[in-house]
Amino acid sequence: PQLSDLHDPFLMNDMQAAVERLNRAMGHKERILVYGDYDVDGCTAVALVYKFLKQFYSNIDYYVPDRYNEGYGVSMKGIDFAAESGVNLIIVLDCGIKAIDEIAYAKTLGIDFIICDHHVPDEELPDAVAILNPKREDNHYPYTDLSGCGVGFKFMQAFAQSNGIEFNKLHTLLDLCAVSIASDIVPIMGENRILAYHGLRMLNCNPSVGLKAIAEICNLGDRELTMSDIIFKIGPRINASGRMQNGREAVQLLVERDYPVAVELAERIDQYNEAR
């Protein structure tokens, strides 16, 4: 599979509007919040978008809702946190397509939303600045089975193209795509096959510090990793964080740059997995 065969991200509905709103936010130094679901797909998606944008922009944070206090998806508590933190733009990943009331509430507080989701939408869509979802009925995008992290990746690909950023800055984040594709059990065909193939290569050759630490904790450090290793060993540990404690810890691990700190976080997440 060739990376050159990835589809043009601007074929996805609302992509131009999403990129323009993100560019405006960064140009005006607005505070941005990257918000995602607490499962593997959501955590990898948040980590990918946050890690990529953090290279170019500092006024940015991430948020993962608490499974027990807030439940799945966009929460009123999360929006209140954003408002208190001075956030003007929320990029929501792997959820949000049904958050009509929550996004309407956010609008009254002056907070815009860009939704990156892959779940099937209802007839009514939220009042967001942009809704990136290949399963939209009016969708023109050639591939409909992207993971939530995959949709986030396409958004960052479009952002990079619009700002003249070289693709190799995105290439290093493909290990997160591979983890999301394997763990979320989306079809490994079409564009997913390209992302999974090159992500798996990155995971074996030059993994992010956090994923390297998880692989070591799973005793996978001395052999070539496969999709099965992700599904049965790496994915469940990331999942356990959101299920047993808070998915924010999993994102913290996935964006960590210091290996000893990453190992400590991975050990904690391994304990959640044992308890689960």
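Residues numbered from 1 in each chain as written. Predicted model: local features only at pLDDT ≥ 70, side-chain atom pairs only at ≥ 80, totals over all residues. Heavy atoms only, no water.

Q: So what about the sheet that holds strand E5 (residues 130-132)? Which residues, and what values?
A: An order of E2-E1-E3-E4-E5 is seen for the five strands of this open sheet, with the pairing classed as parallel. The open sheet is flanked by strand E2 (60-63) and E5, the only strands paired with a single partner. Strand after strand, the sheet turns through a mean of 20 degrees between neighbouring axes, direction not considered. The strands touched by helix H5 (residues 148-162) are strand E3 (87-93), strand E4 (112-116) and E5; relative to E4, the strand with the most contacts, the crossing angle is about 120 degrees. (Pairing = 2+ DSSP bridges. Helix = DSSP H or I, 4+ residues; strand = E, 2+ residues; numbered from the N terminus. Axes fitted to C-alpha atoms, helices over the stretch in contact; angles between N-to-C directions. Contact = heavy atoms within 4.5 Å.)

Q: An account of the packing of aromatic side chains is requested, with residue identities and associated values reported.
A: One pass over the full model with this rule turns up six aromatic pairs. Judged by centre distance (5.3 Å) and plane angle (75 degrees), the rings of Phe 52 and Phe 56 are edge-to-face. Both rings, one in Phe 153 and one in Phe 167, keep their centres 6.2 Å apart while their planes meet at 85 degrees; by these two values the pair is edge-to-face. Residue Phe 153 is located in helix H5, and its partner Phe 167 is located in the loop between H5 and helix H6 (168-171); the two are separated by 14 residues in the primary sequence. (Phe/Tyr/Trp six-rings, centres within 6.5 Å; stacked < 30°, edge-to-face > 60°.)

Q: Tell me about the pairing of E3, and name the residues and values.
A: Counting buried positions along E3 yields six of seven residues, so the element is predominantly enclosed. Of the strand pairs in this sheet, strand E1 (residues 31-36) and E3 are connected by six bridges, and their pairing is parallel. From the neighbouring strand, Tyr 35 faces E3, where its bridge partner is Val 92. Pairing between E3 and E4: five bridges, direction parallel. (Buried < 20%, exposed > 50% of the residue type's maximum accessible area, 1.4 Å probe, protein only.)

Q: Could you give me a rundown of unusual backbone geometry, with the residues and numbers involved?
A: You will see that Asp 94, though not glycine, has its phi angle at about 65 degrees, which is positive. Counting through the fold element by element, Asp 94 comes out in the loop between E3 and helix H4 (100-108). Among the residues examined, Asp 94 registers a relative accessible area of 1% and is labelled buried. Although it is not a glycine, Ile 185 adopts a positive phi angle of roughly 55 degrees. Along the chain, the position of Ile 185 falls in the loop between helix H7 (174-183) and helix H8 (190-205).

Q: An account of the side chain of Asp 229 is needed here, citing residue identities and associated values.
A: Considering the arrangement of structural elements, one finds Asp 229 in helix H10 (residues 227-244). Among the polar contacts made by the side chain of Asp 229, one reaches the main-chain amide nitrogen of Thr 226 at a distance of 2.9 Å. For Asp 229, the residues in contact, after removing those within four places along its chain, are Leu 220, Arg 223, Glu 224 and Ile 234. (Polar contact = N/O pair within 3.5 Å; in protein donor to acceptor, adjacent residues only side chain to side chain.)

Q: So what's going on with the pairing of E4? Which residues, and what values?
A: The element E4 is extensively covered by neighbouring structure, given that four of its five residues are classed as buried. Crossover connection from E3 via H4 to parallel E4: handedness right-handed. Pairing geometry for E4 and E5, over three bridges, is parallel. Along E5, the bridge assignment pairs Ile 115 with Ile 131. (Right-handed = clockwise from strand over helix to strand, strands pointing away.)

Q: Which residues make up the nonpolar core, and what are the values?
A: Within the largest apolar cluster, 82 residues are counted, with the highest numbers of intra-cluster contacts made by Leu 22, Phe 155 and Ile 238. The dominant element in this core, judged by the number of residues it contributes, is helix H2 (residues 40-54), at 10 residues. Other than its neighbours up to four places away in sequence, Ile 238 contacts Val 40, Cys 43, Val 179, Leu 211, Ile 214, Ala 250, Leu 254 and Ile 269. In terms of nonpolar packing, the next biggest core, distinct from the first, is built from 19 residues, Ala 82, Val 92, Cys 95 and Ile 103 among them. (Core = buried A, V, L, I, M, F, W, Y, C linked by side-chain atoms within 4.5 Å.)

Any link to function would need more than the numbers given here.
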